[in-house]
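# Working through the structure, step by step
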Amino acid sequence: MTESSMPSRQHAVVIGGSMAGLLAARVLADHFARVTIIERDQFPADPAFRPGVPQGRHLHVLLERGQQLLEQYLPGFTKSLLARGGYAYDFIEEVRLNAAGHWTPQYRGDIPFFSASRNLVEWVVRQAVLARPEITAMTKHDAVELLASPDKRRVMGVRVRERDGQADSPLTDVAADLVVDASGRHSRMPEWLRMLGYQAPPETVIDPHLGYSTRLYKPHADFTPNWKTLYLMMNPPNILQGGVITVVEGGNWLVTLSGYGEHAPPTDEAGFVAFAQGLPFPDIAEAIAHADPQGSVYGYRDTSNQLRHYERLHRMPDGLLVTGDAFAAFDPVYGQGMSTAAIGADVLARQLQRRRDPALHGLWRDFHRAMAQATATAWQLSTSGDVTVPGVTGGKPSLMERVQNAYLRRILRIIPRMKRAQLTFTRVVNMTEPPTALFHPAIFLRAMLAWK
Ligand SMILES: Cc1cc2nc3c(=O)[nH]c(=O)nc-3n(C[C@H](O)[C@H](O)[C@H](O)COP(=O)(O)OP(=O)(O)OC[C@H]3O[C@@H](n4cnc5c(N)ncnc54)[C@H](O)[C@@H]3O)c2cc1C
């Protein structure tokens, strides 16, 4: 490598301009002179669905930990979300939650809950990120392969193809000192690494075969429930169907029904209503009887837990990192993906702050190890229940998971009667407290004594 081609902190490229990519770009802008986001979609001017994020039609919960990080890296995020029609309210008081067949008490709990469409959350983030002068977006371009140094020890950029519908669209090489892959759960990075002579990361996939069906409704003005979100939680292996209604922009309701395997909800209109009517509690069906549908029913099945173990690789080229769903993607019922994307950006910020060498030698090793640690709790939360779903593929409950699940069932049993357990559980789910908080002696004792 000649002196003039030595990597510096001039230009970083991010593949994918969704939550993880936008947030990575925001962090990189503090450390690189220029950041380019390569995104295959055209970004819509307003909050709207786009094909590169097909899950965008479905209910997306923004956990408190995610909101805190978004506010930290994009000050004013929450205000902008609310100004554009999002909602913030008290989790305990206004989320009517049925956990393991029991309704949880509603009272002021001072744990915030945010609801908005996925399209709005991403739009607010995108507006703030693209306002940074260092960041530009190269939209309607597909990243098609990595560019590497002749000895393949460093990634030097990305080759992109314009997305204009022509198979022979011109290829362009975009040089970069650092490439961050945030292209989601179908990332082609394992294949691109193989093309450069590296091993692909080992993968863990635990698939409980979850299906979603979602429809937007407008509630009748005279229907005034005591909730802004109504949630019938699934609880495998016993309760394999559930649903959520949450208020989104314009006072509309996003209604998402869910089920594992053969219990997944249908996507036709009559089947959607019948599924809601067949749930163990009638509340969702009763609510949608007081509302008018605003569009089609949309289904979604691409929901497995998928972990690519980049942290286990012994060799990787310098100048390359993987984040977001491309690194770890989760069963969406636990609402963790966007927050984990924000956690990934936070990991990146911390790693870059510690580094002085412009070449960032070996950053991939430290970054991916830190990512594996930072996503471990989310993985544990989403897979420990999923491994008990009948028909799950890729995992079976370990002894530890059996013990944890038995304990969690006891926690769910005492929540209706113990405020402290309810608040702690809610904070754990929101990633603002670690799961170990559920083992506080007062909660532990009560859980152990819980019989029914
Ligand atoms: C049904 C469903 C419901 C969900 N519900 C929740 C929820 O309640 N709460 C929550 O926090 N999370 C939820 N998630 C997860 C959440 O959507 C993701 O975790 C989040 O979007 C972060 O993903 P990402 O940015 O890594 O990837 P994605 O959002 O998948 O985005 C990848 C981006 O990369 C672009 N791209 C892909 N390949 C290329 C390429 N070769 N070149 C250029 N661009 C490319 C795509 O167009 C897209 O913009 C849900 C997911 C699903 C499937």
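No experiment lies behind these values; they were computed from the predicted model shown.

## A short note on the overall build of the chain
Broken down by element type, the chain carries 13 helices and 21 strands. A compact globule built from 452 residues would reach a C-alpha radius of gyration of about 22 Å, and the chain, at 22 Å, matches this within 12%. With the C-alpha coordinates aligned to their principal axes, the bounding extent of the chain is approximately 70 × 45 × 40 Å. Residues counted as buried form 46% of the 452 residues belonging to the chain. Within the chain, residue pairs in contact and separated by at least 24 positions form 69% of the contacts whose partners lie at least 6 positions apart.

## Focus on the domain arrangement of the chain
Here the domain parsing of the chain yields domain 1 (3-60 + 123-205 + 303-384), domain 2 (88-116 + 210-300) and domain 3 (398-449). For domain 2 versus domain 3, the distance between C-alpha centres works out to 24 Å. At the junction of the two partners, domain 2 supplies ten residues and domain 3 supplies ten residues. Secondary-structure elements contributing two or more residues to the side of domain 2 that touches domain 3 are helix H4 (91-94) and strand S5 (102-103). Class assignment for the residues of the side of domain 2 that touches domain 3 results in seven nonpolar, three polar and no charged.

## Some details on the nonpolar core
Counting residues in hydrophobic clusters, the biggest one holds 110 residues, and the most contacted among them are Val14, Leu23, Ala24 and Val179. Beyond its immediate stretch of four places on either side in the chain, Ala24 contacts Val14, Val180, Ala182, Thr323, Ala345 and Leu348. Within the second largest apolar cluster, ten residues are counted, among which are Leu240, Ala264, Val333 and Val392.

## Examining the sheet that holds strand S8 (residues 141-148)
The strands making up a sheet associate through backbone hydrogen bonding, with each pair oriented either parallel or antiparallel. Strand order in the open sheet made by the three strands is S8-S9-S10, with antiparallel pairing throughout. Strands at the two margins of the open sheet, each flanked by one partner only, are S8 and strand S10 (171-175). Neighbour-to-neighbour, the strand axes of this sheet turn through a mean angle of 30°, independent of strand direction. As paired strands, strand S9 (residues 155-162) and S10 are joined by five bridges and run antiparallel to one another. The residue of S10 that forms the bridge with Arg159 is Asp173.

## Quick notes on the site of the ligand
Around the ligand sit 36 residues, and of these Gly16, Gly52, Gly184, Gly324 and Gly337 come closest. At the level of elements, helix H1 (19-28), S8 and helix H9 (337-354) are the ones that each hand at least two residues to the shell around the ligand. The dominant element in the shell around the ligand, judged by the number of residues it contributes, is H9, at four residues. Grouping the amino acids of the shell around the ligand by side-chain chemistry returns 15 nonpolar, 16 polar and five charged.

## Quick notes on H1
Most of H1 sits inside the fold, with ten of its ten residues counted as buried. Met19, Ala20, Gly21, Leu22, Leu23, Ala24, Ala25, Arg26, Val27 and Leu28 are the residues of H1 that are buried.

## Remarks on the sheet that holds strand S11 (residues 178-181)
Taken in spatial order, the five strands of this open sheet run S7-S2-S1-S11-S20, and their pairing is parallel. Two strands in the sheet have a free side with no partner beyond their single neighbour: strand S7 (135-138) and strand S20 (320-322). Ignoring strand direction, the axes of neighbouring strands in this sheet form an average angle of 20°. Pairing of strand S2 (residues 34-38) with S7 involves four bridges; the strand directions are parallel. From the neighbouring strand, Ile37 faces S7, where its bridge partner is Ala137. Contacts between H1 and the sheet are confined to strand S1 (11-15), S2, S7 and S11, with S1 contributing the most and set at about 170° to the helix.

## Looking at the pairing of strand S4 (residues 95-99)
Counting buried positions over the five residues of S4 gives four, a clear majority of the element. Bridge analysis of S4 against strand S14 (residues 229-232) gives four bridges, and the strand direction is parallel. Bridge pairing in S14 links Arg96 to Leu230. When S4 meets S5, the two strands line up antiparallel, connected through two bridges. Following the sheet pairing, Asn98 is matched in S5 by Trp103. Two successive antiparallel strands, S4 and S5, enclose a turn made up of two residues, where Ala100 displays a positive phi of approximately 55°.

## A look at the packing of H9 against helix H10 (residues 363-386)
Interaxial distance between H9 and H10 falls to 10 Å at its minimum, and their mutual angle equals 145°. Here H9 runs over H10; the crossing is right-handed. Between H9, through Thr340, Ile343, Gly344, Val347, Leu348 and Gln351, and H10, the contact on the second element is made entirely by Leu363, Asp366, Phe367, Ala370, Met371, Ala374, Thr375 and Ala378. In the contact of H9 with H10, the residues fall into nine nonpolar, four polar and one charged.

## Some points on the packing of H1 against H9
Where H1 meets H9, the closest approach of the two axes is 9 Å, and the angle between their N-to-C directions is 25°. If you check the angle between H1 and H9, you find them roughly parallel. Between H1 and H9 lies a crossing whose hand is right-handed. Contacts between H1 and H9 involve Met19, Ala20, Leu23, Ala24, Arg26 and Val27 from the former and Met338, Ala341, Ala342, Gly344, Ala345, Leu348, Ala349 and Leu352 from the latter. Here the residues of the contact of H1 with H9 sort into twelve nonpolar, one polar and one charged.

## Some points on unusual backbone geometry
Residue Pro237 is reached from Pro236 by a cis peptide bond, and omega for that bond is 5°. Tracing the sequence through the fold places Pro237 in the loop between S14 and strand S15 (241-247). The backbone of Asp110 shows a phi angle near 60°, a positive value even though the residue is not glycine. Looking at the element boundaries, Asp110 is found in the loop between S5 and strand S6 (112-115). Classification of Asp110 as exposed rests on a count of 9 C-beta atoms within 10 Å. We note that Lys152 has phi near 65°; this positive angle belongs to a residue other than glycine. With respect to the helices and strands, the residue Lys152 is situated in the loop between S8 and S9. Taking the number of C-beta atoms within 10 Å as the measure of exposure, Lys152 has 13 and is therefore partly exposed.

Definitions and cut-offs
Residues numbered from 1 in each chain as written. Predicted model: local features only at pLDDT ≥ 70, side-chain atom pairs only at ≥ 80, totals over all residues. Helix = DSSP H or I, 4+ residues; strand = E, 2+ residues; numbered from the N terminus. Rg over C-alpha atoms; globule rule 2.2 N^0.38 Å. Buried ≥ 20, exposed ≤ 12 C-beta atoms within 10 Å, placed from the backbone. Contact = placed C-beta atoms within 7 Å. Domains from an automatic or database assignment. Nonpolar A, V, L, I, M, F, W, Y, C, P; charged D, E, K, R; others polar. Core = buried A, V, L, I, M, F, W, Y, C linked by C-beta atoms within 7 Å. Pairing = 2+ DSSP bridges. Axes fitted to C-alpha atoms, helices over the stretch in contact; angles between N-to-C directions. Near = placed C-beta within 6 Å. Left-handed = near helix turned anticlockwise from the far one by under 90°. Parallel < 35°, antiparallel > 145°, perpendicular 65-115°, else oblique.

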